[in-house]
Amino acid sequence: MDIFSHAGDLGHGFLATIEIVVIGFVGAVLIGTVIAVCRISPVLPLRAFGWLYVEAFRAIPLLVLLVLCVFGLPWIGIVLSPFWSVCLGIALYAGAIVCETLRSGIRGVPFGQVEAARAIGFTFGQSLRHVVLPQAFRAMVQPFGNVFIGVVLGTSLCAAVGAQELTYATKVLSLRVGSPLVWYGCAAVLYIVVTLGSAYIFGVLERRVRFQR
Amino acid sequence: MRGIEPVLFDRPGPRGRRRIAVATVLAVLALAVLVALAVRQFAVHGQLAADKWQPFAQWSIMSFLLNGLKYTILVTLLCAVISMPAGAIVALGRLSKRRWVSWPAAVFTDIFRSLPTMLLILVFLLALPPVGINLPTIWKLAVPICLTGSATIAEVFRAGILALERGQTEAAYAIGMRYGQVMRLIVLPQVIRPLLPLLLVQLINLLKDSTLGYVVTYSELLYSGKILGEYVHAPIQTYLVVAVLYMIVNWLITRLAHLIERRQGRLPRFRTGRVAAPTTVTAASE
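Residues numbered from 1 in each chain as written. Chains lettered and ligands numbered in written order. Predicted model: local features only at pLDDT ≥ 70, side-chain atom pairs only at ≥ 80, totals over all residues. Heavy atoms only, no water.

## What to know about empty space enclosed by the protein
Residue and element names in this part refer to chain A. For clarity, the cut-off: Space inside and on the surface of the protein is sampled on a 1 Å grid over the protein atoms alone, with a cavity defined as a set of points where a 1.4 Å probe fits but cannot get out and a pocket as an open set with protein on both sides within 12 Å along at least 5 of 7 lines; lining residues have an atom within 4 Å of a point. Grid points are joined across faces, edges and corners, and a volume is the space filled by probe spheres set on the points. Secondary structure elements follow DSSP: runs of H or I no shorter than four residues count as helices, runs of E no shorter than two count as strands, and numbering proceeds from the N terminus. Residues are grouped as follows: nonpolar covers Ala, Val, Leu, Ile, Met, Phe, Trp, Tyr, Cys and Pro; charged covers Asp, Glu, Lys and Arg; every other residue, Gly included, is treated as polar.
Using the criterion set out here, one finds one cavity of 30 Å³ or more in the structure. What the largest cavity holds in volume is close to 40 Å³. Looking at the largest cavity, the residues that line it are F14, T17, I18, V21, V152, L166, L190, Y191 and V194. Contributions of two or more residues to the lining of the largest cavity are made by α1 (3-40) and α8 (180-209). The dominant element in the lining of the largest cavity, judged by the number of residues it contributes, is α1, at four residues. Of the residues belonging to the lining of the largest cavity, the class tally is eight nonpolar, one polar and no charged.

Encoded structure:
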């Protein structure tokens, strides 16, 4: 047997992993933003809802959430394909972390900056747009990189609930073709390339956008 | 007003307070509709029926789950006992001046931090037995968790050590201590105390990893839940109960971490620079 005749199967798994990562991460950013807005709003019930969401989804292990999404949801009439179930699970899970990242980024902006913005007559929207968010976003690049890497590593749990991705493809391939160590080695290299690569990209991005003081 | 970000909001005036009151009523209505929809979804598909939830009021059923929880905690503590000292050693190795020590430590952390635990589990479960390495079930679960866990914990320790004021080590070297003595007597004792809350966060991560017992068929909480759900024909209810049990345990550990963080009034002097270590629990829980 040779590696190259079966590399296509591994490639399909890799593509599926990338798809889950992209959909899960974008979903997490959307959910996290909504929850973060709830958590910092002056409206008490929304704040309570945001707090409950973050506490609940940060305390639940990802695999439990994926099992609930894949094997639990059909019982209450929500039938999704395994692919979309795991995307939903990952987005819900990472959404809580994104929310906390956004919040701590905003908290990191020195209070004097906002006071200064108000003192020169900026409205709420203006101070948010010109003063708070530009500084907050710059501080968030590195944490968002960590969230992204967490999502990449988290996708391999999808193999445990039967969604087809890189780890699942590796398992199937090694059971079908044999010589498992070769296939697991290939998968490991792919994971390392993606995680270290994205860490590098986020690092470059962080240096690019950093304020030179 | 408590809980509102001072960075974003001023104290609201009369008009602002009126708007907030209206928004509060609307938000309560919206959340009530959301909860009602969820409950309806359960009710329509017969998942609220008494016989689906009855089992969890019986002690024999709950004790089966609590037994699973016992094994979850056992595996977590086993992994913690191994990977925390291992992480500290790897971090010290990575900071060593000797290339033949620092280089392997750096390679170890970078590789095992970038690999999913699930993949390593499958390696120990499926790829290594044919080669003759067939560990007992608990170690098939614990060894991969320890490998990735110690790499992550090593980075926590490294950040903590780097954040310690340079004067401490310089003074120790100046009075004639060797590298090992400096690390053992000066650096680690000062670093462990402020890192304690962050190490508890890592404990939560180890506990979350222990759910992979589901894959290696080790009877920890999630796998027990799977067996039970098939036995009582109520999978979604069982998994929800399992999720709540996990949440309670993790929530308790988080509370403990916050408590320790608050009680540590007397922190060692840390360099306050741009690359300060993440010194709060919320900042480190990503």
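Additional details are given in the paragraphs that follow.
## Focus: the interface of chain A and chain B
To keep it simple, the criterion reads: Any two residues having at least one pair of non-hydrogen atoms within 4.5 Å are treated as being in contact. A simple way to read buried area is as the amount of 1.4 Å-probe accessible surface that goes missing from two parts once joined, with both sides added. A pairing counts as a salt bridge when a side-chain nitrogen of Lys or Arg comes within 4 Å of a carboxyl oxygen of Asp or Glu. Under this definition, polar contacts are N or O atom pairs within 3.5 Å; protein pairs additionally need one hydrogen-donor-capable and one acceptor-capable atom, and for neighbouring residues in sequence, both atoms have to be side-chain atoms.
Taken together, the contacts link 58 residues of chain A with 54 residues of chain B. Note on chain A versus chain B: buried area summed over both sides is about 5,200 Å², and carbon and sulfur give 74% of it. Summed over the three residues of chain A that lose the most area to chain B, namely W75, I76 and Y184 of chain A, the buried surface amounts to 12% of that side. Viewed at the interface, chain B and chain A are joined by zero salt bridges. Counting every contact that joins chain A to chain B gives eight residue pairs in polar contact (both at pLDDT 80 or more). Elements that contribute at least two residues to the side of chain A that touches chain B include exactly α2 (44-59), α3 (62-72), α4 (82-107), α5 (111-119), α6 (124-155), α7 (166-177) and α8 of chain A. Ranked by the residues each element gives to the side of chain A that touches chain B, the list is headed by α8 of chain A, at nine residues. A per-class count over the side of chain A that touches chain B returns 43 nonpolar, six polar and nine charged.

## Some remarks on helix α4 (residues 99-114) of chain B
Put simply, the rule reads: Under the convention used throughout, the expected extent of a helix is 1.5 Å for every residue step, that is, one less than its residue count. Only protein chains enter the accessibility calculation, which uses a 1.4 Å probe; a residue is then buried when its area is under 20% of its type maximum, exposed when over 50%, and partly exposed in between.
With 16 residues, α4 of chain B extends 22 Å between its outermost C-alpha atoms, agreeing within 8% with the 22 Å of an ideal straight helix rising 1.5 Å per residue. Residues of α4 of chain B that are buried: S102, A105, A106, T109, F112 and S114 of chain B. Where α4 of chain B is buried, its residues touch α6 and α8 of chain A together with α3 (59-94), α5 (117-127) and α6 (137-163) of chain B.

## Some words on a nonpolar patch on the surface
Convention followed: Distance thresholds for patches are 9 Å for like charges and 5 Å for nonpolar side chains (Val, Leu, Ile, Met, Phe, Trp, Tyr), applied to residues having over 30% relative accessible area and no salt bridge. Residue exposure ignores everything except the shown protein chains as possible cover, and the areas themselves are Shrake-Rupley values with a 1.4 Å probe.
On the surface, W51 and L52 of chain A together with V244, I248, W251 and L252 of chain B cluster together into a nonpolar patch covering about 590 Å² of accessible area. Taken together, the elements giving at least two residues each to the nonpolar patch come down to α2 of chain A together with α11 (235-263) of chain B. For the nonpolar patch, the element with the highest residue contribution is α11 of chain B, accounting for four residues. Within the fold, W251 of chain B resides in helix α11.

## Details of the environment of A243 of chain B
Positionally, A243 of chain B belongs in helix α11. C-alpha separation for the pair A243 of chain B and P197 of chain B, spaced 46 residues apart in sequence, amounts to 23 Å.

## Overview of the side chain of Q47 of chain B
For Q47 of chain B, the position within the fold is in the loop between α1 (14-44) and α2 (50-53). Its relative accessible area of 3% is what places Q47 of chain B among the buried residues. Within the structure, the side chain of Q47 of chain B is placed 3.4 Å from the backbone oxygen of W75 of chain A, a separation counted as a polar contact. Setting aside anything within four residues of it in sequence, one finds Q47 of chain B in contact with W75 and I76 of chain A together with F42, K52, W53, I236 and Q237 of chain B.

## A few points about the layout of surface pockets
Space inside the second largest pocket adds up to approximately 1,300 Å³. Taken together, 30 residues form the lining of the second largest pocket, with F57 and L92 of chain A together with A38, F42 and L240 of chain B sitting closest to its centre. For the lining of the second largest pocket, the elements supplying multiple residues, two or more each, are α2, α3 and α4 of chain A together with α1 and α11 of chain B. For the lining of the second largest pocket, the element with the most residues is α1 of chain B, which contributes eight residues. Looking at the lining of the second largest pocket, its residues break down into 29 nonpolar, one polar and no charged.

## Describing unusual backbone geometry
Phi at S179 of chain A is positive, roughly 45°, even though this residue is not glycine. Among the secondary structure elements, S179 of chain A is positioned in the loop between α7 and α8. Overall, the relative accessible area of 33% leaves S179 of chain A in the partly exposed class. Its identity as a non-glycine residue notwithstanding, H233 of chain B has a phi of 55°, on the positive side. Considering the arrangement of structural elements, one finds H233 of chain B in the loop between α10 (221-231) and α11. For H233 of chain B, a relative accessible area of 59% translates into the label exposed.

## Topic: the packing of aromatic side chains
What counts here: Between rings of Phe, Tyr and Trp, where Trp is taken as its six-membered ring, a pair exists when centres lie within 6.5 Å; planes separated by under 30 degrees are stacked, by over 60 edge-to-face, and by other angles tilted. Two limits define a charge over a ring: the Lys NZ or Arg CZ must be within 6 Å of the ring centre, and within 35 degrees of the ring normal.
Inspection of the entire model under this criterion finds eight aromatic pairs over all chains. Geometrically, the ring pair formed by F148 of chain A and F202 of chain A is tilted, given 5.8 Å between the ring centres and 45° between the ring planes. With F148 of chain A in helix α6 and F202 of chain A in helix α8, this pair connects stretches of sequence that are 54 residues apart. On the basis of relative accessible area, F202 of chain A is assigned to the buried category, the value being 17%. An aromatic cluster is present here, built from F25, F144, F148 and F202 of chain A joined pairwise through their rings. For the cation-ring pair, K70 of chain B lies above Y71 of chain B, with the distance from its terminal atom to the ring centre recorded as 5.2 Å. Here K226 of chain B stacks its cationic end above the ring of Y214 of chain B, 5.4 Å away from the centre of that ring.

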